[in-house]
Amino acid sequence: MMASVKIDIAEDTLLVGISASPGIAIAKAHLVNRSQVCAIERRIGESEVEAEIAAFRDAVEATRIQLQQIKQSSVDQVLTDHLYILDTHLLILEDQMLIGETVTLIGSELINAEGAFNRTLRKLRQAFETIDDQYLRERKSDIDAVGDRVMRNLFGETRESLTNLDSQVVVVAHDLSPGDTLQMDKSKVIGFVTDVGGRTSHTAILARSMGIPAVVGLETVTSIVPNGLPMIIDGLSGSVILNPSSETFREYLEKKKQYDYLERELDVYCPLPAVTLDGYRLALRGNIDFVDEIPVVIERGGEGIGLFRTEFLFMSAEGPPSEDQQFAIYRDAALQMAPHPVTIRTLDVGGDKFVPEFNLDDETNPVMGLRAVRFSLKEVSLFRTQLRAILRASYFGPLRIMFPMISGVAEIRSCKQFLDRIRQELVAEGIPVAEKVPVGVMIETPSAVLIAELLAKEVDFFSVGTNDLIQYCLAIDRANEHVAYLYEPMHPAVLRALSQVCKAAAAAGIEVAMCGEMAGEQMYSLVLIALGFNELSMNPASISRIKRIMRQARISEFQPFADQLLQMATADEISRALEGEMHRRFPSVFSLEQI
Ligand code: PEP
Ligand code: MG
């Protein structure tokens, strides 16, 4: 049950953030911000001690029951693999230092339960911070998670787990960790809003792949919104309305109906080929984090997986998944998607893809640090395990391998040599491997663009990761809401970079794909085809949108306009020209976007 809230927020309070995923969600807020729990210490009389201790014990017991319930109700295989986290939390609840000491403090210091518990938590956190062992030190987050849950039970404020929600909610979070997402009951969480993030931060990408509305980069939303507050997310415009008046509520209900209706209309495009009126045929593929997203890609008319982000497999397991575990996952992906290919990207950790197990948090500048393929080439045993698993799985269906964040020819050569060695090892062990496993590089760094012509000689395909390429090209942090306004896919530098990459691929006769978020934006689709992309890979929900545009367009007519865009000087100029042109060509499509 969601606790009722005392509302002291003015009706129709408007917050404006960054639109991360389209659609409209109307529901009550479900706060997932641990730092929001603010305990107030208060002195109590001797006569109150017993009641405070009883309240504390009740809160601990309520927490224990909640954790057990979450554990038992997890039927999802992906979740089941991660239940060990809940076991750790249950063990913490039995910790004498945490529980016994709080009870003692209430009596000895004559302070209320939340104050005493807060002191104990603080002490325990400090103790953890001084531990030398990095792994143990990071278990502090488990103490925080348990502490938060007990505290909310003490307040009588139900902070429901994301697996155990009674009704549909909008999640309000500072940011969402992969763990939060894993726990999420996807039928109940109908929208996200977050303090941090930009359009291509991982929370945003995730919301789009779940097909739920999201607004990110709201900066202070978690400090404004109390749990249970009615709110509206307008993912189309990037706005959030708190405590809506009945008039606003009705207006948005109408908008939502219209939006949902138009979305359903898109279904007709799912089974149709991705081809323009003048015969340009493209491979439209899906980006996934987990194998269980493949049926959605197929349902939305995707012809393969253009990006399987494998780091999520590593984020959620107790340690890195074993070769056999990875093999089973990749084989499953290949079998489900055949005859279309699955492009497996090797581990891309670092930057905003933080994996606690890998101790990456010491870097001053992780986005430029030991990220992606740099990490793999250093941690060769992890790399070997992953490549062995992919090669073994390649025997069961068409797989492709893609290396992230390549910045030079030497790097890709090292990867290929390593891959060859592993292939030989497997063959020597008598393990079957596909004859040909295409190898590609992600074009994500300015250096890769500048030497695209050299890289093209080394690989079978390119896949442009615009989320990173734009970040590195324009020197703006993709997850930083303060510089989000500078994140401009239509910056002349970006357009020219894309054009250069396509030309290099065409000259070498290799395929060129795009798997950054830009690939799924209707506004850019014709420009990308005119530039020469053969494949666009995106969140599955966008596939039918791009098909709709393609099936009503002639690239031969659009080409001269695309050439003009490449001559323009500013992002603003290009964007305005493109928007004007696309609205003129597809008035109904783009007016739909702006209901
Ligand atoms: C990209 O950078 O565009 C990309 C697809 O990779 P990721 O978003 O996982 O960094
Ligand atoms: Mg990237």
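Residues numbered from 1 in each chain as written. Chains lettered and ligands numbered in written order. Predicted model: local features only at pLDDT ≥ 70, side-chain atom pairs only at ≥ 80, totals over all residues. Heavy atoms only, no water.

Asks: Can you walk me through the pairing of strand 16 (residues 535–538) in this structure?
Replies: The side chains of a regular strand alternate between the sheet's two faces. Of the two faces of strand 16, the one holding Glu535 and Ser537 and the one holding Leu536 and Met538 are both buried throughout. In this structure, strand 9 (residues 283–288) lies alongside strand 16, joined through four bridges in parallel fashion. By the bridge assignment for strand 16, Arg285 is matched with Ser537. For strand 15 (residues 511–514) and strand 16, the ladder comprises two bridges, and the chain directions are parallel. Within strand 16, the residue paired with Met514 across the bridge is Leu536. Between the parallel pair strand 15 and strand 16, the chain is carried across by helix 22 (residues 522–531), and the sense of this crossover is right-handed. (Buried < 20%, exposed > 50% of the residue type's maximum accessible area, 1.4 Å probe, protein only. Helix = DSSP H or I, 4+ residues; strand = E, 2+ residues; numbered from the N terminus. Pairing = 2+ DSSP bridges. Right-handed = clockwise from strand over helix to strand, strands pointing away.)

Asks: Is there a simple way to think about the pattern of salt bridges in this case?
Replies: Two side chains that carry opposite charge are able to pair once their charged atoms sit near each other. One pass over the full model with this rule turns up 31 salt bridges. In this structure, Arg208 and Glu517 form a salt bridge, with 2.6 Å as the shortest nitrogen-oxygen distance. Of this pair, Arg208 sits in helix 9 (residues 202–210) while Glu517 sits in the loop between strand 15 and helix 22, and the two are 309 residues apart along the sequence. Note on accessibility: Arg208 and Glu517 belong to one class, buried. Residues Arg285 and Glu535 are paired through a salt bridge, measuring 2.6 Å at the closest nitrogen-oxygen approach. Highlighted residues: Arg285 in strand 9 and Glu535 in strand 16, separated in sequence by 250 residues. (Salt bridge = Lys/Arg side-chain N within 4 Å of Asp/Glu carboxyl O.)

Asks: I would appreciate a short explanation of the packing of helix 21 (residues 492–508) against helix 22 in the present structure.
Replies: Contact geometry of helix 21 with helix 22 gives a least axis separation of 9 Å together with a crossing angle of 40°. Judged by the inter-axis angle, helix 21 sits oblique to helix 22. Touching Leu495, Leu498, Ser499 and Cys502 of helix 21 are Val527, Leu528 and Leu531, all from helix 22. Considering only residue class, the contact of helix 21 with helix 22 consists of six nonpolar, one polar and no charged. (Axes fitted to C-alpha atoms, helices over the stretch in contact; angles between N-to-C directions. Parallel < 35°, antiparallel > 145°, perpendicular 65-115°, else oblique. Contact = heavy atoms within 4.5 Å. Nonpolar A, V, L, I, M, F, W, Y, C, P; charged D, E, K, R; others polar.)

Asks: I would appreciate a short explanation of the sheet that holds strand 7 (residues 230–234) in the present structure.
Replies: In a beta sheet, neighbouring strands are held together by backbone hydrogen bonds and run either parallel or antiparallel to one another. One open sheet holds the eight strands; their spatial order is 1-8-7-3-4-5-6-2, and the pairing between them is mixed. Each end of this open sheet is capped by a strand with a single partner; those strands are strand 1 (13–16) and strand 2 (18–21). For this sheet the average axis-to-axis angle between neighbouring strands, irrespective of direction, equals 30°. Two elements, strand 4 (residues 169–173) and strand 5 (residues 189–194), share five bridges in a ladder whose sense is parallel. Residue pairing across strands places Val169 opposite Val189, the latter belonging to strand 5. Relative to strand 5, helix 9 is tilted by about 160°, and along the sheet it contacts strand 2, strand 5 and strand 6 (214–216). Each of strand 3 (24–31), strand 7 and strand 8 (239–242) touches helix 11 (residues 246–265); the most contacted strand, strand 3, lies at about 120° to it.

Asks: For this particular structure, what's the right way to read the pairing of strand 10 (residues 305–309)?
Replies: Most of strand 10 sits out of view: five of its five residues are buried. With three bridges joining them, strand 9 and strand 10 adopt parallel strand pairing. Within the sheet, the bridge partner assigned to Ile288 lies in strand 10 and is Phe308. Between the parallel elements strand 9 and strand 10, the chain passes through helix 12 (residues 294–299) in a crossover that is right-handed. Bridge count between strand 10 and strand 11 (residues 342–345): three bridges; the pairing is parallel. The partner of Ile305 across the bridge, within strand 11, is Val342.

Asks: In this structure, what is going on with unusual backbone geometry? I would like to understand it.
Replies: Residues apart from glycine generally show negative phi values, whereas peptide bonds are mostly found in trans. Between Ala338 and the following residue, Pro339, the backbone shows a cis peptide bond with an omega angle of 10°. The residue Pro339 is located in the loop between helix 14 (323–337) and strand 11 in this model. Within the chain, Asp12 stands out as a residue other than glycine whose phi angle is a positive 55°. Residue position: Asp12 is located in the segment before strand 1. Although it is not a glycine, Ala372 sits at a positive phi angle of roughly 50°.

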